[in-house]
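# Commentary on secondary and tertiary structure
In case you want the letters, here they are:
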Amino acid sequence: MEKICVAVRVRPPICHENSSSTFWRVDDNQISLHKLHGSPISCVSYAFDHVFDENCSNSDIYELLTKDIIHAAVDGFNGTSFAYGQTSSGKTFTMNGSSNDPGIIHRAVNDIFQKINIISDREFLIRVSYMEIYNEEINDLFAVENQKLQIHENLERGIFVAGLREEIVNNAEQVMKLLESGEVNRHFGETNMNARSSRSHTIFRVVIESKGKDTGSFGDYSSSDAIRVSVLNLVDLAGSERIAKTGTGGVRLKEGKYINKSLMVLGNVINKLSDSAKQRAHIPYRDSKLTRILQPALGGNAKTSIICTVAPEEIHIEETKGTLLFASRAKRVTNCAQVNEVLTDAALLKRQKLEIEELRRKLQGSHAEVLEQEILKLRNDMLKYELEREKLEMELEKERRSHKERDRYIRDQLMMIENLSSLVSDGDGSSSQGSMKESPIEECNNRGDGFKTPCFRAAPKAFVAKRSNYSQLPDLSPLPDSFSDVADEDTWFKINKGYIADLDSLQTTPARKVQSFPPEDVTPNYLNKKYKTELQNLKRRLELVTEEKNELQRKLAEDIEVKDRLKGDISKLKQEALLAREMPQRLCDSVTSFKDTYEEVLSKMQRYTFDGKSSTAKLLRCICEIGSILFSTMETSISNTTDRHKLSSGNDSLIQEYNKMLSEKLKSTITSLILSETASSEDKQTKTPCSCNFEVAAWSRYHVSILVLFFVMILGYFVSFFRTLIF
Ligand code: ADP
Ligand code: MG
């Protein structure tokens, strides 16, 4: 057991008041209020582990107050260091510092890496996260999208913020960059007392894991090896403020109220912890997110130091006294810190070892720097994946819980309906008989089941009798609603005057709501009336539900009808598709018979051409040639269609082209034949006019016209036939 280390820091005065009649004097580890040029004011003197006057630097504070905790964290002890004090007293200055006097966070980070570089027989894995508690909501400062995070607790990890981004880091520079990016996301605001006042509590968290290096190859673990895991919290609290002084309104006022409330809970936790062990019945850690997160640091397994900052000006005298009172109580708090060694997979170092070993093997022979960078990248990737999975698991759990809640509610309602119905029927029977066998009160008391009709004798929605009930609640760190009734000035007063709020009496029960009935009128008649009205209400609800059900049934019948109609249409379409599939075969048959007819007609016509050299014979040969091309094209297309059951639209244009080409060929043949025919007949007429020759020419022209007509018919049939086939 060891006491929390508490120090006070007095910041340099911002304005030198001429009219001040008192001042704070620092002597070694004491601070006392003195009259100007005079003696100390009795009862206003405090002693702490350290008291730093206005001339001290952040370096002095780090060396005397925080360094040991940081070194212990590297050795496996949990550690927490936080700054407490009123607005503008120097908390942020102490934690973050300035460019020429870095604060505790920067010094701690540098120190951690310096120390782990010296320790050669252990391997370290450092990861950092940065969060703020703003208006009682936890936000991730490394990832703005992670808002309103929840606190959870389990055996392996203890208390943790689910979904908070963690970054694995190799050196101090990486951490500084991350801190800078996180600082941008922090909530600040302007108040009368501080132009850049922190409006949230921030917690910078470093998780240090370490493992003894084996004498064998680097990073070669045996499964039984324990890994040290320690958590270091560096906390910059928002300052308590008196609304009258900070002159804030609107958003600032709301923030101020949240800040004051959570600081009041912190004060209460410290007060309870500083009580003797006997009185430590319940510590209200769950009353604020801040105290819940800092639970291990306050009376738990951690080494803790608190730096209480005060303003020296006389106008702040009340707040300074309040801070000193808080510090005095905190000094009495004892913690029990021990090295945290884990054998389970709770250590990231252990969970990631297989993958890292694999990567090491792959990169064997690479430059050490490349290897380190690759390992860091892989570690961060794996961590991100784990965090993502954790987030999803949490969401799933939430969903499951709400499902269960809903189921329970429905069950409750059903039980209630059942019980009310039976009660009313019982009540009706007994009133007609003029007596009741068992009064509802007794009946109610005889029921042990929580899901049955709520007892009208249940305690009116009021106060929790035992805090133990409260500690069984789901881990959601609620801020008690009843606090909103506390006037802010009162809260401020309670923080600074050291008032110990009796939270037990403030806390309303958040348990399942029980129905309460006025205790003065509990006669059977009254109850009967009450139950009857409720039953009527329930009946009305039942009617509405039945109507809804009927409506749904009607819609269902309509849907079935539409479905049947669709089914009919589908079977019709199927039949048509079947016919369409048979179509190419039928067409093929028609083409074959048409081809036969065509060839027969042509052979008959060819018989009339006497020597086979006349123009008619030439024309017939040309037509015969074209016809056979056409028929073979047609047959190929149809057999393709039969094979593939469809024709591509590309075939249409191909056929059109064929059509055009053949028409032109025919046209040119006809034209040349007509021309030569005309020329030869004219020639013959002028030379040896003979009626026989004239008849032959007329006969030829007659044939040509018939053949052209015939061929145009074939072409027309051919085109229309293919169009039908395609579409
Ligand atoms: P808080 O965080 O408590 O509201 P800040 O740390 O922001 O207050 O300090 C308020 C102002 O006082 C800042 O301008 C800061 O630079 C200055 N200040 C606080 N403490 C010191 C100190 N020890 N030395 C010099 N300046 C200080
Ligand atoms: Mg601040």
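Residues numbered from 1 in each chain as written. Chains lettered and ligands numbered in written order. Predicted model: local features only at pLDDT ≥ 70, side-chain atom pairs only at ≥ 80, totals over all residues. Heavy atoms only, no water.

### Structural notes on the overall build of the chain
The following threshold applies: Put simply, DSSP marks the helices as runs of H or I at least four residues long and the strands as runs of E at least two long, and each gets a number from the N terminus on. Each residue is placed in one exposure class: buried if its accessible area under a 1.4 Å probe, protein chains only, is under 20% of its type's maximum, exposed if it is over 50%, and partly exposed if it falls in between. The contact criterion used throughout is that any non-hydrogen atoms of two residues lie within 4.5 Å. Only the protein chains shown count as cover for residues, and the accessible areas themselves come from Shrake-Rupley with a 1.4 Å probe.
For the chain, the count of helices and strands is 19 helices and 21 strands. When each of the 727 residues of the chain is scored for burial, the buried share is 44%. When contacts within the chain are restricted to residue pairs at least 6 apart in sequence, long-range pairs at least 24 apart make up 75% of them. For the chain, the computed accessible surface area is about 39800 Å², with 54% contributed by carbon and sulfur atoms.

### Looking at helix H8 (residues 317-331)
The cut-off we apply is this: Take the number of residues in a helix, subtract one, and multiply by 1.5 Å to get its expected span.
Compared with an ideal rise of 1.5 Å per residue, which puts 15 residues at 21 Å, H8 spans 21 Å between its outermost C-alpha atoms and is within 8% of the ideal. Among the 15 residues in H8, eleven count as buried, and that is most of the element. All of the buried residues along H8 are Ile-317, Glu-319, Thr-320, Gly-322, Thr-323, Leu-324, Phe-326, Ala-327, Ser-328, Arg-329 and Ala-330.

### Looking at the site of ligand 1
How we decide: Proximity criterion: a residue is near a molecule or strand once any of its heavy atoms comes within 4 Å of it. Polar contacts, as used here, are pairs of N or O atoms within 3.5 Å; protein pairs need one atom able to donate a hydrogen and one able to accept it. Residues neighboring in sequence count only if both atoms are side-chain atoms. Residues are grouped as follows: Ala, Val, Leu, Ile, Met, Phe, Trp, Tyr, Cys and Pro are nonpolar; Asp, Glu, Lys and Arg are charged; all remaining types, including Gly, are polar.
What surrounds ligand 1 is a group of twelve residues, the closest being Ser-88, Gly-90, Lys-91, Thr-92 and Phe-93. Contact between ligand 1 and Ser-89: an oxygen atom at 3.2 Å from a main-chain N or O atom of the residue. Here ligand 1 has 560 Å² of accessible area as a free molecule, and 73% of this is covered by the chains. Class assignment of the residues belonging to the shell around ligand 1 gives a composition of two nonpolar, seven polar and three charged.

### A few points about unusual backbone geometry
In this structure, Ser-88 is a non-glycine residue whose phi angle is positive, near 70°. Ser-88 gets classed as buried once you look at its relative accessible area, which sits at 14%. You will see that Glu-136, though not glycine, has its phi angle at about 65°, which is positive. Structurally, the position occupied by Glu-136 is in the loop between strand S10 (122-134) and strand S11 (137-140).

### Thoughts on the nonpolar core
Where we set the bar: Note on terminology: a nonpolar core comprises buried Ala, Val, Leu, Ile, Met, Phe, Trp, Tyr and Cys residues joined through side-chain atoms within 4.5 Å.
Membership of the largest hydrophobic core comes to 49 residues, with the highest contact counts inside it found for Val-8, Ile-31, Phe-48, Tyr-84, Leu-266 and Leu-298. Among the elements that line this core, the one with the most residues is helix H6 (residues 250-274), at eight residues. Setting aside residues no more than four positions away along its own chain, Phe-48 makes contact with Val-6, Val-8, Asn-29, Ile-31, Leu-324, Ala-327, Ser-328 and Lys-331. Ranked by size, the runner-up nonpolar core spans 38 residues in total, among them Ile-61, Ile-208, Leu-234 and Ile-307.

### Some thoughts on the side chain of Thr-202
Following the sequence through the fold, Thr-202 ends up in strand S17 (residues 201-212). Leave out the neighbours within four places in its chain, and Thr-202 touches Tyr-130, Met-131, Glu-132, Leu-141, Arg-186, Leu-234, Val-235 and Asp-236.

### Thoughts on a nonpolar patch on the surface
Put simply, the test is: Exposure above 30% relative accessible area and the lack of any salt bridge qualify a residue for a patch; like charges then connect within 9 Å, and the nonpolar side chains Val, Leu, Ile, Met, Phe, Trp and Tyr within 5 Å. We define a salt bridge as a side-chain nitrogen of Lys or Arg found within 4 Å of a carboxyl oxygen belonging to Asp or Glu.
Among the surface-exposed residues, Tyr-409, Ile-410, Leu-414 and Ile-417 lie close enough to one another that they form a single nonpolar patch of about 390 Å² accessible area. Looking at where Ile-417 falls in the secondary structure, it is placed in helix H11 (residues 368-433). Judged by its relative accessible area of 34%, Ile-417 falls in the partly exposed class.

Scope: geometric values only; no functional claims are made or implied.
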